[in-house]
Amino acid sequence: MKIWMEMMSYPFIQRAVLAGTMVALCAALLGVSLVLKRYSMIGDGLSHVSFGALSVALAAGWAPLMVSIPIVILAAFFLLRLTEKGKTPSDAAIAIVSASSLAFGVTVTSLTTGMTTDINSYMFGSILAMRRQDVRLSVALCAVVLLLFLFCYHKMFAVTFDESFARATGVKTQWYNTLIAVLTAVTIVLGMRMMGAMLISSLIIFPAVTAMRLFKSFKAVVLSSAATAVLCFVAGIMISYQYGTPAGASVVLMNLALFLAATLVRVLRERL
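Quantities reported herein were computed from a predicted structural model and do not represent experimental measurements. (Residues numbered from 1 in each chain as written. Predicted model: local features only at pLDDT ≥ 70, side-chain atom pairs only at ≥ 80, totals over all residues. Heavy atoms only, no water.)

A. Geometry of the overall build of the protein. Helix and strand counts for the protein stand at 13 helices and 0 strands. Shown N-terminal to C-terminal, the secondary structure of the protein runs as helices and strands in the order α-α-α-α-α-α-α-α-α-α-α-α-α. Taken against the 2.2 N^0.38 rule, which gives 19 Å for 272 residues, the C-alpha radius of gyration of the protein at 18 Å falls within 12% of a compact globule. Expressed along its principal axes, the backbone C-alpha trace of the protein runs to roughly 50 × 45 × 30 Å. In the protein, which comprises 272 residues, the share counted as buried stands at 50%. Within the protein, counting contacts between residues at least 6 apart in sequence, those at least 24 apart form 76% of the total. Just so you have it, the protein exposes about 13000 Å², and 69% of that area is on carbon and sulfur atoms. (Helix = DSSP H or I, 4+ residues; strand = E, 2+ residues; numbered from the N terminus. Rg over C-alpha atoms; globule rule 2.2 N^0.38 Å. Buried < 20%, exposed > 50% of the residue type's maximum accessible area, 1.4 Å probe, protein only. Contact = heavy atoms within 4.5 Å. Areas by Shrake-Rupley, 256 points an atom, 1.4 Å probe, with all protein chains shown as cover.)

Put into structure tokens, the structure is as follows:
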């Protein structure tokens, strides 16, 4: 508690915890559907698209978030259409877009500003990168993501578990798949300042798979995933503050520790 009070006395950490908790919560909720639909690596692909867009924005002197959000949303649409038509497997499509975007971003960076501190913060995350305007935009957009998720919860549940049955009952499955992709794109862009392009996909994957080790019902998995994401994020930030480790990496390691613990609990439960 003493460490928490001391840590929260710094305004930049307050901003990081507020924005980061919201992003982690959104990523965890969306991650359950993405993992069950086998689209979990879309976060990795979209984060690399975001890095390419941010590189162009920084090189041109434009507002990074305002440029990257629409570009990443378009990339999400593109990936969705590419995999729906069945001409390219989803993992291959994500790999193609991911590698191409990362190569484009690195090339633009090397030809313009070089690997500056700003670029490194987007690649690997930085707790110091959260400015006041970034936090306001992140909190506002995360609130929209959460509201849309709660409002469309039952439809997303139907689309996630049995898309064919949902389509037969009149659910607009294509629209809800697109909504999931768009919400994921927005969450990825907002989380890059904290986690970096290399680590942001962990916020989508780890809480969901950890919850699935312990629970079977969709509702229990969603709630557990949300709690896991927030707990690991706060614990990771505290470890980063106390020991001087990178914030993004600390959050991922906390998620890994909890995943291993949940796996151990599941193994012991099955043997007893």
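What follows continues from the structure just given.
B. Looking closely at the pattern of salt bridges. The full count for this structure, using the stated rule, is 3 salt bridges. The partner of Arg167 in a salt bridge is Glu163, and the shortest N-O contact between them spans 3.2 Å. Taken together, the residues span about one helical turn, with Arg167 and Glu163 both in helix 9 (residues 163–168) at a distance of 4 residues. For Arg167, a relative accessible area of 46% corresponds to the partly exposed category. With relative accessibility at 26%, the residue Glu163 sits in the partly exposed group. Across the salt bridge formed by Glu270 and Arg266, the nearest N and O atoms sit 3.3 Å from each other. Here Glu270 pairs with Arg266, and both are found in helix 13 (residues 247–271), just 4 residues apart, close to one helical turn. The class of Glu270 is exposed, set by a relative accessible area of 58%. Residue Arg266 is classed as partly exposed on the basis of its relative accessible area, which comes to 33%. (Salt bridge = Lys/Arg side-chain N within 4 Å of Asp/Glu carboxyl O.)

C. Geometry of the nonpolar core. With 73 residues, the main nonpolar core has Leu46, Met194 and Ile237 as its most contacted residues. The element contributing the most residues to this core is helix 2 (residues 11–36), with 15 residues. Not counting residues within four places of it along the chain, the set of residues in contact with Leu46 comprises Val72, Ala75, Ala76, Leu79, Thr184, Ala185 and Ile188. (Core = buried A, V, L, I, M, F, W, Y, C linked by side-chain atoms within 4.5 Å.)

D. Seen up close, the environment of Ile42. For Ile42, the location among the structural elements is in helix 3 (residues 42–60). In this structure Ile42 comes out as buried when scored by relative accessible area, which is 8%. Separated by 159 residues in the primary sequence, Ile42 and Ser201 have C-alpha atoms spaced 8.0 Å apart.

E. Structural view of helix 13. In this model, helix 13 (25 residues) spans 37 Å end to end at C-alpha, consistent with the 36 Å of a helix rising 1.5 Å per residue. Buried within helix 13 we find Ala247, Gly248, Ser250, Val251, Val252, Asn255, Phe259 and Ala262. In the core, the buried residues of helix 13 are packed alongside helix 10 (173–195), helix 11 (202–214) and helix 12 (218–243). (Expected span 1.5 Å × (residues − 1).)

F. Inspection of the packing of aromatic side chains at higher detail. Tallying each qualifying case throughout the model produces 9 aromatic pairs. Ring plane angle 50 degrees and centroid distance 5.1 Å describe the contact between Phe157 and Phe161, whose orientation is recorded as tilted. Of this pair, Phe157 and Phe161 both sit in helix 8 (residues 153–161), 4 residues apart, which is roughly one turn of that helix. Exposure remark for Phe157: the relative accessible area of 36% places this residue in the partly exposed category. When the ring of Trp175 is compared with that of Tyr176, the centres are 5.0 Å apart and the planes differ by 80 degrees; the resulting orientation is edge-to-face. Ring pairing ties together the aromatic residues Phe149, Tyr153, Phe157, Phe161 and Phe218, which thus form one cluster. (Phe/Tyr/Trp six-rings, centres within 6.5 Å; stacked < 30°, edge-to-face > 60°.)

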